[in-house]
Amino acid sequence: MTARIGVVTFPGSLDDRDALRAVRLAGAEPVSLFHADTDLGDVDAVVLPGGFSYGDYLRAGAIARFAPIMDSIVDAANGGMPVLGICNGFQVLTEVHLLPGSMIKNEHRHFICRDQTLRVENAQTAWTSEYRQGEEIVVPLKNQDGQYVADEHTLDELEGDGRVAFRYVGWNPNGSRRDIAGITNARGNVVGLMPHPEHAVEPGFGPDSVESGRMGTDGLAFFTSAIKGLLAKA
Amino acid sequence: MPKIIVDVMPKPEILDPQGKAIGAALARLGIEGFREVRQGKRFEFKVHGEITDEVLAKVRHAAETLLSNPVIEDVVSVKQKECGGNCGCGHAKSAEAPNGQKDLLA
């Protein structure tokens with residue numbers, strides 16, 4: 001069996017192609033899904049990619065959250081299907097209430113693009129099981145509305161339940177509460193993060209590593225984690 | 001043509017980076033003396049015909065579902081703005097709202 005992982009293209013998605021490519025490089029079959037579709041076909045997992053869906057008009061992710069395909073994604077996520085939201089995809093997952101909190105403009109008010117170190121705080125989710133707990137990884141980060149906010153009660157709950165999946169290390173690039181870079185739902189099948197693992201999956205095209213330039217592939221294990229989980233279930 | 005106006009503001013406890021940028025730009029222009037500037041959003045709904053309770057209910061629903069995100073924003077008002085009686089739509093200026101606005105949030 002080959003796992004089939006869908007990537008949704010919204011009007012204004014930018015990183016859908018890179019996400020499809022990451023799925024393929026990780027060993028699964030990439031499936032293009034369209035915002036106007038109403039069902040997910042026979043995919044086993046879904047990625048909501050980065051970009052500026054619907055121009056980020058109103059709020060990042062606010063209009064995409066009502067796209068026709070989203071009802072099926074919410075149903076599938078509630079049924080346990082692995083769903084990953086990257087950057088704008090994370091914003092969509094918060095707007096559709098699959099994940100708590102929200103993103104506002106970066107504290108320093110600049111668009112930021114850099115290779116960012118993250119610590120894997122929860123290596124038991126559907127998208128992080130191939131990492132070690134506490135492992136530090138480097139993946140690109142690029143956003144303007146990346147500041148994660150939630151009320152104190154929600155933040156305490158996320159911390160207490162181990163639902164902070166990733167934290168920024170070394171420097172908090174956007175003022176996110178408690179250095180949070182990504183979170184998961186209680187079940188561990190839905191994960192959202194602002195940095196971009198799909199841009200760190202192939203030597204020569206990833207972040208700089210200690211050995212040589214652009215060789216970082218730390219993002220690949222997001223996808224191999226999901227594939228391994230899906231094949232174990234099959 | 002009668003309009004319904006919805007105002008949405010960032011929650012008081014949420015830092016408003018856009019407002020902060022505007023505050024800094026005002027200071028550079030020498031327009032000073034303000035403790036804080038916060039930026040919100042205003043939405044205008046033009047209505048076919050009369051503004052009925054049903055229409056208002058729809059706008060309130062829109063304000064709470066799509067126009068604002070309760071995690072970071074508050075709907076601070078939903079107001080009716082009369083045309084002032086000079087647009088040719090047949091509406092006279094509202095007697096009970098001399099400023100042309102009635103707060104309909106409550």
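The written sequence of each chain sets the order in which its residues are numbered from 1. All chains are assigned letters beginning at A, and all ligands numbers beginning at 1, according to the order in which they are written. Note on the predicted model: pLDDT of at least 70 is required for a residue's local features to be given, and 80 or more for side-chain atom pairs to be given and counted; whole-chain, interface and lining totals, by contrast, use all residues.

Asks: Would you take a moment to explain the overall build of chain B for this structure?
Replies: Each helix and strand counted, chain B has two helices and four strands in total. Our exposure labels follow a C-beta count within 10 Å of each residue's own C-beta, placed from the backbone: buried means 20 or more other C-beta atoms, exposed means 12 or fewer, and partly exposed covers the counts in between. Counting every position in chain B, which comprises 106 residues, the buried fraction comes to 15%. Contact between residues is assigned whenever the C-beta positions, reconstructed from backbone atoms, fall within 7 Å. The long-range share in chain B, meaning contacts at least 24 apart out of those at least 6 apart in sequence, stands at 61%. Helix and strand definitions follow DSSP, with helices as H or I runs of at least four residues and strands as E runs of at least two, each counted in order from the N terminus.

Asks: For this particular structure, what's the right way to read the overall build of chain A?
Replies: In terms of regular secondary structure, chain A is built from five helices and eleven strands. Judged by the C-alpha coordinates and their principal axes, chain A covers about 40 × 40 × 35 Å. Pairs at least 24 residues apart make up 73% of the contacts formed inside chain A by residues separated by at least 6 positions.

Asks: Explanation requested: the interface of chain B and chain A in the structure shown.
Replies: Accessible area lost when the parts come together is the quantity often used to give the size of an interface. Listed as interface residues are nine residues of chain B and, on the opposing side, 13 residues of chain A. It is helix 1 (residues 17-28) of chain B that provides the largest number of residues to the side of chain B that touches chain A, a total of three residues. Along the lines of polarity and charge, the residues of the side of chain B that touches chain A split into seven nonpolar, two polar and no charged. All amino acids are sorted into three groups, where Ala, Val, Leu, Ile, Met, Phe, Trp, Tyr, Cys and Pro are nonpolar, Asp, Glu, Lys and Arg are charged, and the leftover types, Gly among them, are polar.

Asks: I would appreciate a short explanation of unusual backbone geometry in the present structure.
Replies: Glycine aside, negative phi is the norm for most residues, and most peptide bonds take the trans geometry. Residues and elements named next belong to chain A. Located in the positive-phi region is R109, a residue other than glycine, with phi close to 70 degrees. Structurally, R109 can be placed in the loop between strand 5 (102-104) and strand 6 (112-120). Although it is not a glycine, R178 adopts a positive phi angle of roughly 50 degrees. Considering the arrangement of structural elements, one finds R178 in the loop between strand 9 (164-168) and strand 10 (180-184).

Asks: Hey, could you run me through helix 3 (residues 88-95) of chain A in this one?
Replies: A turn of α-helix holds 3.6 residues, and therefore any two residues three or four places apart point the same way. Residues and elements named next belong to chain A. Of all the eight residues making up helix 3, eight are buried; the element is thus mostly covered by neighbouring parts of the structure. Where helix 3 is concerned, the buried positions are N88, G89, F90, Q91, V92, L93, T94 and E95. Tucked into the core, helix 3 has its buried residues touching strand 3 (45-48), strand 4 (83-86), strand 5 and strand 11 (190-193). At the C-terminal side of helix 3, H97 shows a positive phi close to 70 degrees.

Asks: Sorry, what's going on with the nonpolar core here?
Replies: Note on soluble globular proteins: their nonpolar side chains tend to be buried together. If you look at the biggest cluster of nonpolar residues, it comprises 76 residues, and the most contacted ones within it are V23(A), V46(A) and F223(A). If near-sequence neighbours (up to four positions away) are discounted, F223(A) is found in contact with A22(A), V23(A), A26(A) and A28(A). In plain words, the nonpolar core is the set of buried Ala, Val, Leu, Ile, Met, Phe, Trp, Tyr and Cys residues that C-beta atoms within 7 Å link up. Core analysis: the second largest hydrophobic core is formed by seven residues, I4(B), V6(B), V8(B) and L67(B) among them.

Asks: What is the right way to read the pairing of strand 3 of chain A from this model?
Replies: Every regular strand shows the same layout, with side chains that alternate between the two sheet faces. All names here are of chain A. Of the two faces of strand 3, the one carrying A45 and V47 and the one carrying V46 and L48 are both buried. For strand 1 (residues 4-9) and strand 3, the ladder comprises three bridges, and the chain directions are parallel. Note on strand 3: the bridge partner recorded for V7 is V47. The definition of a right-handed crossover adopted here requires that, viewed with the strands pointing away, the path from the first strand over the helix to the second runs clockwise. For the crossover from strand 3 across helix 2 (residues 70-78) to strand 4, the handedness is right-handed. Between any two strands, pairing holds if DSSP finds at least two bridges.

Asks: Just checking my understanding: could you explain the sheet that holds strand 10 of chain A for this structure?
Replies: Neighbouring strands of a sheet are bound in pairs by backbone hydrogen bonds; such pairs are parallel or else antiparallel. Residue and element names in this part refer to chain A. With mixed pairing, the nine strands of this open sheet are ordered in space as 2-1-3-4-11-10-9-6-7. In this open sheet, the two strands that pair with only one neighbour each are strand 2 (29-34) and strand 7 (136-143). Averaged over neighbouring strand pairs, the angle between their axes works out to 25 degrees when direction is ignored. Of the strand pairs in this sheet, strand 6 and strand 7 are connected by eight bridges, and their pairing is antiparallel. Considered in strand 7, the bridge of D115 is made with P140. Axis lines are fitted to C-alpha atoms, over the contacting stretch for helices. Their N-to-C directions set the angle, which ranges from 0 to 180 degrees. Helix 1 (residues 16-26) contacts strand 1, strand 2, strand 3 and strand 4 of the sheet and is inclined by roughly 175 degrees relative to strand 1.

Asks: What should I look at first to understand the environment of V92(A) in this one?
Replies: Residue and element names in this part refer to chain A. Relative to the helices and strands, V92 resides in helix 3. V92 sits in the buried class, given 27 other C-beta atoms within 10 Å. With 100 residues separating them in the primary sequence, V92 and G192 have C-alpha atoms 9.3 Å apart. Excluding its chain neighbours within four sequence positions, the residues that come into contact with V92 are L48, S53, G61, A64, R65 and G85.

Asks: Honestly, the pairing of strand 6 of chain A in this entry has me stumped. Any pointers?
Replies: Pairing of strand 6 of chain A with strand 9 of chain A, which is carried by three bridges, proceeds in the antiparallel orientation. When the bridges of strand 9 of chain A are listed, L118(A) appears paired with Y168(A).

Asks: How should I be thinking about the packing of helix 1 of chain A against helix 5 (residues 220-233) of chain A in this particular structure?
Replies: Packed helices, taken two at a time, are described by their axes: the angle between them and the distance between them. Residue and element names in this part refer to chain A. At a minimum axis separation of 9 Å, helix 1 and helix 5 run at an interaxial angle of 60 degrees. Here helix 5 runs oblique to helix 1, going by the angle between their axes. The hand of the helix 1/helix 5 crossing is right-handed. Contacts between helix 1 and helix 5 involve A22, V23, L25 and A26 on the former and, on the latter, L220, F223, T224 and I227. Here roughly perpendicular refers to angles of 65 to 115 degrees, roughly parallel to angles under 35, roughly antiparallel to angles over 145, and oblique to all remaining angles. Helix crossings are classified by the rotation of the near helix relative to the far one: an anticlockwise turn of less than a right angle makes the crossing left-handed, while a clockwise turn makes it right-handed.

Asks: Mind showing me how you'd approach the confidence of the model for chain B here?
Replies: A low pLDDT means the predicted coordinates there should not be read in detail. For chain B, per-residue confidence averages 83 on the pLDDT scale, and residues scoring 70 or more make up 76% of the total. Among the prediction metrics, the complex's ipTM stands at 0.79, with pTM recorded as 0.88. Values of pLDDT, the confidence the predictor places in each residue, fall between 0 and 100.

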